[in-house]
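# Architecture and fold: a report
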Amino acid sequence: MMYIYDIIKVVKIKEIFMEHQLSNSEAFAIFASIFGLLLIFLAIAYVVTAIPTYFIGKKMGYENPWFAFIPVLNTLMMHDIAFGESTRKYFVIYFVASLFAGVPYISWFIMIASVAYEFYLLVIFYQTFKLPIPYIIMSVIPILSLVPLYTVAFGNYKYDGPLPHFADNYRK
């Protein structure tokens, strides 16, 4: 049950906020500040994940380890390390399908399939380095996913070679 005093407090708070309406320039300044901070945060997060990916590519003798800094090519590099370059056709299918993620009626299916494929890629990628199961579980949890990434990049885990792609197993 609300008391009169609580109702008066709510009304006073509303009055304080209603007294000062933001001008267009003030609203734009607030929006631009929030957007700018978000961009800075995303850029830092991207670099924090790209650096160990670069060192993994370099450690593996990957032809172009700088792919780690380019959004689609970093996933291609991880795919090549996990499955070998002979399975790039599956990556192309994944990439082309993800381009249709905005198409009505099929977008949910494509988004779910993309996320599932990314998880599958991460699990296989870390299995090629013989990481223990807890690290593989951490690889699909946001923020904790940095632990296995940095462990592979700067640890003493040896590459065990590419694993077979699940689609190759169905054709046999």
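Coordinates for the structure precede this section.
Conventions used here
- Residues numbered from 1 in each chain as written.
- Predicted model: local features only at pLDDT ≥ 70, side-chain atom pairs only at ≥ 80, totals over all residues.
- Heavy atoms only, no water.
- Helix = DSSP H or I, 4+ residues; strand = E, 2+ residues; numbered from the N terminus.
- Contact = heavy atoms within 4.5 Å.
- Areas by Shrake-Rupley, 256 points an atom, 1.4 Å probe, with all protein chains shown as cover.
- Polar contact = N/O pair within 3.5 Å; in protein donor to acceptor, adjacent residues only side chain to side chain.

### Topic: the overall build of the protein
Helix and strand content of the protein: 8 helices and 0 strands. For the protein, the α and β elements follow one another from N to C terminus as α-α-α-α-α-α-α-α. Sequence-distant contacts in the protein: of pairs separated by 6 or more residues, those separated by 24 or more amount to 54%. Total accessible area on the protein is roughly 12000 Å²; 74% of this is exposed by carbon and sulfur atoms.

### Overview of the environment of Thr151
Mapping Thr151 onto the fold places it in helix α7 (residues 146-154). Distance from Thr151 to Leu131, taken between C-alpha atoms, is 8.9 Å for residues 20 residues apart in sequence. With residues up to four places along the chain from it excluded, the contact list for Thr151 reads Leu131, Tyr135 and Tyr157. Side-chain polar atoms of Thr151 contact the backbone oxygen of Val147, separated by 2.6 Å.

### Some points on the environment of Tyr159
Among the structural elements, Tyr159 can be located in the loop between α7 and α8 (166-171). Each C-alpha atom of the pair Tyr159 and Tyr126 lies 9.3 Å from the other, and the pair is 33 residues apart in sequence. Once residues lying within four places of it in the same chain are set aside, the contact partners of Tyr159 are Met60, Ile81, Thr128 and Phe129. A polar contact is formed between the side chain of Tyr159 and the backbone oxygen of Ile81, at a distance of 2.5 Å.

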